[in-house]
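# Architecture and fold: a report
So you can see what is in the structure, the chains are spelled out below.
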Amino acid sequence: MARAAKKKSYTPVMQQYLAAKDAYPDAVLFFRLGDFYEMFFDDAMVVAERLGITQTFRGKDPNGAKIPMAGVPHHAASGYIARLLQQGQKVAICEQMADPSTVKGVVPREVVRVITPGLCLEEENLDAFADNYLVAITGSPLGLAAFELSTGDLRACTLEDDAAALAEVVRLGCREVLVGSDVATGLKDALSSFDGLSVRTLEGGSADEGVLHAMLGELEGKLPAESSVRSAAAMALAYAASSQPGVQLRVQRVGVYDRRSYLQLDEVAIRNLELVRTLGGEKKGSLLHAVDGTVTAMGARLLRRRLTQPLLDVAAIRRRHAQVEAFIQDGATREGALGALRDLPDLERLATRAAAGVASPRDLGAVRQALQTALEVQAMLQAAPSGVEAPLAALVDADFVRPILADLEATLNDEPPALVREGGVIRAGVSADLDEDRRLSEHAKDVLIEIEARERQRTGIASLKIRFNKVFGYFIEVTKSNLNSVPDEYVRKQTIANGERFITDELAELQDRIELADSRAKKLEAALFEGLRERIAEALGPLRRLAGQLASVDVAAGNALVAQRHAYCRPTVDESRIIDVKAGRHAVVEQLVDAGSFVANDVFIDGEGERLLVLTGPNMAGKSTVMRQVALIVVLAQAGAYVPAEAARIGLVDRVFTRIGASDNLGGGQSTFMVEMREAAEILRAASERSLVVLDELGRGTSTYDGLAIAWSIAEHLHDVVQCRALFATHYHELCELAEVRTGVANFTVAAKEYGDDVVFLHSLVRGAVGRSYGVAVARLAGVPQVVLARAKAMLQALESGAPLPSGGHARVRPVDASGTPQLELFSTRPPPPSAVLETLAQIDVDR
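The rules behind the values
Residues numbered from 1 in each chain as written. Predicted model: local features only at pLDDT ≥ 70, side-chain atom pairs only at ≥ 80, totals over all residues. Heavy atoms only, no water. Helix = DSSP H or I, 4+ residues; strand = E, 2+ residues; numbered from the N terminus. Buried < 20%, exposed > 50% of the residue type's maximum accessible area, 1.4 Å probe, protein only. Contact = heavy atoms within 4.5 Å. Areas by Shrake-Rupley, 256 points an atom, 1.4 Å probe, with all protein chains shown as cover. Axes fitted to C-alpha atoms, helices over the stretch in contact; angles between N-to-C directions. Parallel < 35°, antiparallel > 145°, perpendicular 65-115°, else oblique. Left-handed = near helix turned anticlockwise from the far one by under 90°. Nonpolar A, V, L, I, M, F, W, Y, C, P; charged D, E, K, R; others polar. Pairing = 2+ DSSP bridges. Core = buried A, V, L, I, M, F, W, Y, C linked by side-chain atoms within 4.5 Å. Patch = residues over 30% accessible without salt bridge, like charges linked within 9 Å, V, L, I, M, F, W, Y side chains within 5 Å. Salt bridge = Lys/Arg side-chain N within 4 Å of Asp/Glu carboxyl O. Lys, Arg positive; Asp, Glu negative; His and termini not counted. Charge placed at Lys NZ, Arg CZ, Asp CG, Glu CD. 1 Å grid on protein atoms, 1.4 Å probe; cavity = no way out; pocket = protein on both sides within 12 Å on 5 of 7 lines; lining within 4 Å. Points joined across faces, edges and corners; volume = space filled by probe spheres on them.

## Comments concerning the overall build of the chain
When you go through the chain residue by residue, the secondary structure sums to 27 helices and 27 strands. Here the chain, with 848 residues, has 52% of them falling under the buried criterion. Sequence-distant contacts in the chain: of pairs separated by 6 or more residues, those separated by 24 or more amount to 66%. Of the roughly 37800 Å² of accessible surface on the chain, a fraction of 52% belongs to carbon and sulfur atoms.

Right, here's the structure in full:
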């Protein structure tokens, strides 16, 4: 009551604002006032700070304090809203619901939509080349639902644990996550640590059956009964429905999937392999960027989904490879298809906008263009050799496309405007009433001239004129000398000095029609457009299927183009446990170096034989590149793409694990070594004999003995117990001795050549072990000062010769390396060199 009383003390407009804000308290309220959207109170201060705009004041509150205000022009609001969404903010749009010029008193206003990072329909707030999923997680076991408002797509799955939840959030690339109140704090904290991810906690639990039925309709049966998946779907859909007041949202496709049916990539693997973004967050430099030959937004989104969710079904993988091969065999058809698709509008999102009732005339014009392109591509495929059309059969249902296209072509103007109220949406000839209203609105003068000419001829009064004033409207003016010729149906209205003024029923009716013609034409045009939009909405299902087919053509043709441009091969994928790559390359790195300079390498891993390869070699020689490229080739092959190699055989991989680089989570109280061990623990827990494990420098964050012991025992466990296929790069050369006691372990090194104090990296993988890391040589390449390098080299030579540390203490490392070369003795009694200074000076190259 006290709050209501306070509201009454505000102006009527501010009462409207406060009521709207009460309805959406967690959103920044964009309140329409004329040509601006205004924000007040805390919202004004938040927006001013985040957008860098001026904060002023308007009026006072009941206590006499000034009310903070900030505003942005309504025509430029989309840019400001996009910036707020990038910062995880929720925005409510409160519009004027009537023309202020026609309203007495306060203009009615309502919140018409709420825009959140995960719920956008406007193009300017969406990345055309990536899905924009809103993800909800709740229940026990955890259920996940991902809803894409711009496409009407709902995907859902059950999650084994928190790690699976993190993996799915990263794979989906979502910007907003809803977590139920029943979700563990640890998972919430982990999600909150992701950059650019907005996390909101909502009440979780039982599913809202009303929401599910309203938004899913017949698709509701695809969700499992009484499950956490169902509750997660209800949470996501209820949140989505609340964002579009007055709009009936419908889910157009439901996919409940089992994560185990796909090659699983956890969030660490997606990040370390830089599948869709680099470690710096950029698309350029990622695998997706390197292999993306698509020319449409729909194709780009499909390619991203395929790379982050490769298949385990050999037959399905081979079908995708066949599509790519078809376009390689027929380059003319490929180029023609890509050329036609290049200007293809985003049919998937356009159709969803039509179903949501927000598609503009220009959007429907784009749908028309998309259907024309679909028929053009179909004709190309049908005219191509049989090898091309077969893998892409049934691309377009002509019986479905042609009637819709004919309706759009017959109804919609060639260049429709952005807004219905601008007019010019519907073609002439569609509606006789609309044509007449347009004629009166646009050519009223010509109509009056026609009537005037007709009346002069009928009455014989050559001086008869039709005129207009604000008092009488349209009238006929006749001079005194011609009054005896005036017809009986003319009604005298006014006498003037030189004649009389008359009106007729025709003129009175015409005046009403002319005065209302413009508004009547706009209303009629809006109704005709709405009918056309509804007819498109009714065809949403087939339109979405067509969009998916066109995207598949784009991905296949694009991959064929990339394969030919960079000499990729068609991999053989089978049920074996063999990974055999001939002259494999790293898809990203080879595009960053000079043409022809990348060194290709063979890699053979046999799950029944040599399944764990230990890689040693110099720093900077390319061990990490070789390991990553094997993992990327596996991902590409099982995604259905060609791979950067001369030949490749890939025995199905169920999961790819990586432990690469040094990172920490200091905010979460985890050191580099702790993060390393947690990642290693997850690998040991979840890997199977069909997994591929990539380990790079395990155990470096602790003492030498600890690190070596941990690295050895992990490698041993992967070989003996898990029996997975693995690549293990290490600077613990002692680890090479594992091959002496385990038949499934093989040693490889990345070759290098020494020339004096310099080292040349050959980047070639060869069988065997190496006893040196060439650390001092790499330090020289990095620009470490000469005096420091000289001191390091002097110490290295002394220590390798068996000397203790300069302090006289013992160096606690193994006395010999894997090849038997003497290294540091653990309990040396040799005296220190006579002069450390002289030894250092001897190593300095005075010519450098």
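Having put the structure on the table, let's press on.
## Quick word on unusual backbone geometry
Of note, the bond from Ser 140 into Pro 141 is cis; its omega dihedral lies within 30 degrees of zero at -5°. Within the fold, Pro 141 resides in the loop between strand E7 (134-138) and strand E8 (143-148). Even without being a glycine, Ala 567 presents a positive backbone phi close to 60°. Secondary-structure assignment places Ala 567 in the loop between helix H20 (540-566) and strand E18 (572-574).

## Comments concerning the environment of Ile 683
Residue position: Ile 683 is located in helix H23 (residues 672-686). Judged by relative accessible area, which is 3%, Ile 683 ranks as buried. Separated by 31 residues in the primary sequence, Ile 683 and Ile 714 place their C-alpha atoms 9.8 Å from one another. Not counting residues within four places of it along the chain, the set of residues in contact with Ile 683 comprises Phe 657, Thr 658, Arg 659, Val 693, Leu 695 and Leu 718.

## Here we look at the packing of helix H12 (residues 314-329) against H20
Two numbers describe a pair of packed helices, the interaxial angle and the distance between the axes. Viewed as axis vectors pointing N to C, H12 and H20 meet at an angle of 60°, and their least axial separation amounts to 8 Å. One way to sum up the angle between H12 and H20 is to call them oblique. Considering how the two elements wind past one another, H12 and H20 form a crossing that is right-handed. Touching Gln 323, Val 324, Phe 327 and Ile 328 of H12 are Val 553, Ala 556, Ala 557, Asn 559, Ala 560, Ala 563 and Gln 564, all from H20. Of the residues belonging to the contact of H12 with H20, the class tally is 8 nonpolar, 3 polar and no charged.

## Examining the pairing of strand E25 (residues 725-729)
Burial analysis of E25 places 5 of its 5 residues in the buried class, the great majority of the element. Where strand E21 (residues 612-616) meets E25, 4 bridges bridge the pair, whose relative direction is parallel. If you follow Leu 615 over to E25, its bridge partner there is Ala 729. When strand E24 (residues 692-696) meets E25, the two strands line up parallel, connected through 5 bridges. Bridge pairing in E25 places Leu 695 opposite Phe 728.

## Focus on the nonpolar core
Core analysis: the biggest nonpolar cluster contains 109 residues, and Leu 275, Leu 364, Leu 371, Ile 579, Leu 615, Val 656 and Leu 692 have the highest contact counts within it. It is H20 that contributes the most residues to this core, 14 residues altogether. If we ignore the near neighbours within four places in the chain, the residues touching Val 656 are Leu 263, Gln 264, Leu 265, Ala 269, Leu 273, Ala 631, Val 634 and Leu 692. The next biggest cluster of nonpolar side chains, apart from the first, holds 30 residues, and it includes Ala 145, Leu 178, Met 215 and Leu 237.

## What about the sheet that holds strand E17 (residues 499-503)?
Strands in a sheet are paired, the pairing made by backbone hydrogen bonds, and the direction either parallel or antiparallel. One open sheet accounts for 4 strands, arranged E14-E15-E17-E16; its pairing is antiparallel. The sheet is open, and its two borders are formed by strand E14 (465-469) and strand E16 (491-496), each paired with just one other strand. For this sheet, the mean inter-axis angle between neighbouring strands, taken without regard to orientation, is 35°. Relative to strand E15 (residues 473-479), E14 runs antiparallel, the two being bridged by 5 bridges. Looking across to E15, one finds that Asn 469 is bridged to Gly 473. Against the sheet, helix H19 (residues 505-538) makes contact with E14 and E15, and its axis sits at roughly 145° relative to E15, the strand it touches most.

## Quick look at a negative patch on the surface
Residues Asp 505, Glu 509, Asp 512 and Glu 515 make up a contiguous surface patch of negative charge. Mapping Glu 509 onto the fold places it in helix H19.

## Structural notes on the sheet that holds strand E9 (residues 153-158)
One open sheet accounts for 6 strands, arranged E11-E10-E7-E8-E9-E12; its pairing is mixed. This sheet does not close on itself; its edge strands, each paired only once, are strand E11 (198-202) and strand E12 (253-256). The average angle at which neighbouring strand axes cross in this sheet is 15°, direction not considered. Where E7 lies against strand E10 (residues 176-180), 4 bridges are found, and the strand directions are parallel. Counted as the bridge partner of Ile 137 is Val 179 from E10. Set on the sheet, helix H6 (residues 185-192) makes contact with E7, E10 and E11; between it and E10 the angle comes to about 170°.

## Things to note about the pairing of strand E3 (residues 56-60)
The pairing of E3 with strand E4 (residues 66-73) spans 3 bridges and is antiparallel. Within the sheet, the bridge partner assigned to Thr 56 lies in E4 and is Met 69. Where E3 hands over to E4, the hairpin turn is made up of 5 residues, of which Gly 64 adopts a positive phi near 90°.

## Quick look at empty space enclosed by the protein
Scanning all chains against the criterion turns up 3 cavities of 30 Å³ or more. As for the largest cavity, its lining consists of 17 residues, and the residues nearest its centre are Leu 303, Val 555, Asn 559, Gly 640 and Ala 641. Of all the secondary structure elements, the ones that give two or more residues to the lining of the largest cavity are helix H11 (297-308), H12, H20 and helix H22 (623-639). In terms of residue count, H20 provides more of the lining of the largest cavity than any other element does, 4 residues in total.

This is a description of form; function is not addressed.
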